[in-house]
Amino acid sequence: MRSPLTNPFQAGSDIVPDVWAGRFEQLSDWRDVLRPRRNAGLYETGRTILGEPGTGKSSLVRRIARDAAELGDWATPQVRMPVGADPLKLVASAVLRLADTAGLRASSRQHVLQLLARVEQVAISGFSVTVRGGEGAEPSTALFELLVELGRAAIEQGVVVMIHIDEVQNIADEAALSQLLIALGDALSYEVEVTAPGGVVVTRFLPIAVYLTGLPDFEDMAGARKGATFARRFRTTTLAALDEGALLQALQPFVVEGWETAAADGGVEIVRMSREATKAIAELCCGEPFLFQLAGQRAWNASDGATISEDDVVSGWRGAESEASAHVERILNRLPSGEQEFINAMAALPRDDRKLTVIAQRMGATSAPQVGAVSRRLDTVRGIIDRGKPYSFRNRAVEAYLTTDWPRVG
Ligand SMILES: Nc1ncnc2c1ncn2[C@@H]1O[C@H](COP(=O)(O)OP(=O)(O)OP(=O)(O)O)[C@@H](O)[C@H]1O
Ligand SMILES: [Mg+2]
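Residues numbered from 1 in each chain as written. Chains lettered and ligands numbered in written order. Predicted model: local features only at pLDDT ≥ 70, side-chain atom pairs only at ≥ 80, totals over all residues. Heavy atoms only, no water.

1. Digging into the pattern of salt bridges
Piece 1. Scanning all chains against the criterion turns up 22 salt bridges.
Piece 2. The salt bridge involving Arg382 is made with Glu52; its shortest N-O contact spans 3.2 Å. Taken as a pair, Arg382 in the loop between helix H16 (368-381) and strand S12 (385-386) and Glu52 in the loop between strand S1 (46-50) and helix H2 (57-70) lie far apart in primary sequence, 330 residues in all.
Piece 3. According to the relative accessible area criterion, Arg382 is buried, its value standing at 3%.
Piece 4. By relative accessible area, which is 2% here, Glu52 ends up buried.
Piece 5. Between Asp67 and Arg63 there is a salt bridge; the shortest N-O distance is 3.7 Å. With Asp67 and Arg63 both in helix H2 and four residues apart, this pair spans about one turn of that helix.
Piece 6. If you follow the salt bridges from partner to partner, you end up with Glu52, Asp217, Arg334, Glu339, Arg377 and Arg382 in one network. (Salt bridge = Lys/Arg side-chain N within 4 Å of Asp/Glu carboxyl O. Helix = DSSP H or I, 4+ residues; strand = E, 2+ residues; numbered from the N terminus. Buried < 20%, exposed > 50% of the residue type's maximum accessible area, 1.4 Å probe, protein only.)

Below is the structure:
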């Protein structure tokens, strides 16, 4: 008997869900490019992963960190930036914990012990602190130097240091943000000398990988705040909706061998899902990771039979309609008015007519370049539309919400 207690779907935030879908490109980027290259001493930029609320940014990088920890890497937990928090403080604390893992406290080198003490000061007082000691007085310098020591220790152990800073859009203090990015960026591009087999001295980069995640608003904090070095040292990807194939693939284990779950008697029970049910979930959630979990969770709880049916999906979804609407409204309401207008004008047009000139006309816009800039943002920064020929919605939930009865089901 399936019960809410054994439900594998998790519609919350900051979770690595048991029923995982897609994001193969990003997982492979870590596994096949970023980790092996930094581990080998080669250069790779940091990664910035942005996306609208609920696209699975935190889950993705938490999963990468979990996989890294399983390999023995030193990964920070997700360092979440609350609004108005001092980023240097939080990152310093997280890096100190990694230093503990690395055993740096047991170092016999005076320099390392002094450095730990300086970073401890930063962790307490943050950006505002003036760390005593002349040279390297900036708190970001102390953080950078500790990262270098941590990187050296990681080289010896053959592991990678992985740092995940989440909700980066909340870092409001320009100077603090730039200090943080400088410390991280400098650590990424720092080269050390190591002795290769055969006694040859070579230079290499440190085995450090940095992930920044957050809302696309972070992209607007460009220019002066982040500086040109940011653009060079971090590469940005925008997460958009999951495609239907990935969703069906994620549900395939339910169809083929069944999902194993704990039974009341302590044994194992198998829960299956009909193929129609998987299709219904994939369709109703419109590719939104959060709604995918919501649809699955409600379908699971809709009855207690051994097979989740299409009826379970539909009746479960009925109880989740208002949550689904709220999810889309959260995305739409955050948009600046120009972008909202654009989306509404685009949605009101028949699919084939969704071209920039037609949308601009509909908006009554006098300046086409201005509308062009808005549409570019909605595409590259937010991942909500795709400026193909014609324009289309990448966020299928937004499209469904604006153009159909969705999330209502018949
Ligand atoms: N690849 C995935 N496959 C299936 N479900 C996912 C996936 N990624 C995330 N989810 C689910 O989506 C929901 C939202 O994920 P997450 O909290 O990571 O989003 P987010 O982009 O960080 O949102 P926010 O902007 O609100 O912080 C969670 O319920 C999570 O379980
Ligand atoms: Mg998040």
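2. As for the site of ligand 1
Piece 1. Among the 23 residues in the neighbourhood of ligand 1, the closest are listed as Gly12, Lys57, Ser58, Ser59 and Gln293.
Piece 2. A distance of 2.8 Å separates an oxygen atom of ligand 1 from a polar backbone atom of Gln10.
Piece 3. Separating an oxygen atom of ligand 1 from a side-chain N or O atom of Lys57 is a distance of 2.7 Å.
Piece 4. Among the secondary structure elements, those contributing two or more residues to the shell around ligand 1 are H2 and helix H11 (289-302).
Piece 5. In terms of residue count, H11 provides more of the shell around ligand 1 than any other element does, four residues in total.
Piece 6. Per-class residue counts for the shell around ligand 1 are ten nonpolar, nine polar and four charged. (Near = heavy atom within 4 Å. Polar contact = N/O pair within 3.5 Å; in protein donor to acceptor, adjacent residues only side chain to side chain. Nonpolar A, V, L, I, M, F, W, Y, C, P; charged D, E, K, R; others polar.)

3. Examining the side chain of Arg35
Piece 1. With respect to the secondary-structure elements, Arg35 resides in helix H1 (residues 24-39).
Piece 2. A relative accessible area of 15% places Arg35 in the buried class.
Piece 3. The residues touching Arg35, leaving out its near neighbours within four places in the chain, are Trp30, Leu71, Asp73, Gly158 and Val160. (Contact = heavy atoms within 4.5 Å.)

4. Details of the sheet that holds strand S11 (residues 307-308)
Piece 1. The strand order across the open sheet formed by three strands is S9-S10-S11, and the pairing between neighbours is mixed. At either end of the open sheet lies a strand with only one pairing partner, and these are strand S9 (259-262) and S11.
Piece 2. Of the strand pairs in this sheet, strand S10 (residues 268-273) and S11 are connected by two bridges, and their pairing is parallel. Of the residues in S11, the one forming a bridge with Arg272 is Thr307. (Pairing = 2+ DSSP bridges.)

5. Here's the deal with the packing of aromatic side chains
Piece 1. Throughout the structure, instances matching the rule amount to eight aromatic pairs.
Piece 2. Both rings, one in Phe144 and one in Tyr190, keep their centres 5.5 Å apart while their planes meet at 80 degrees; by these two values the pair is edge-to-face. With Phe144 in helix H5 (residues 139-157) and Tyr190 in the loop between helix H6 (174-188) and strand S5 (191-195), this pair connects stretches of sequence that are 46 residues apart.
Piece 3. You can call Tyr190 partly exposed: its relative accessible area is 29%.
Piece 4. Ring centres of Phe254 and Trp259 lie 4.7 Å apart, and the angle between their planes is 10 degrees; this geometry places the pair in the stacked category.
Piece 5. When its relative accessible area of 0% is taken as the criterion, Phe254 is described as buried.
Piece 6. Using a relative accessible area of 19% as the deciding quantity, one classes Trp259 as buried.
Piece 7. Through a chain of ring-to-ring contacts, three or more aromatic side chains come together here, namely Phe9, Phe254, Trp259 and Phe292.
Piece 8. The ring of Trp20 carries the charged tip of Arg63 above its face, separated from the ring centre by 4.7 Å. (Phe/Tyr/Trp six-rings, centres within 6.5 Å; stacked < 30°, edge-to-face > 60°. Lys NZ or Arg CZ within 6 Å of the ring centre and 35° of its normal.)

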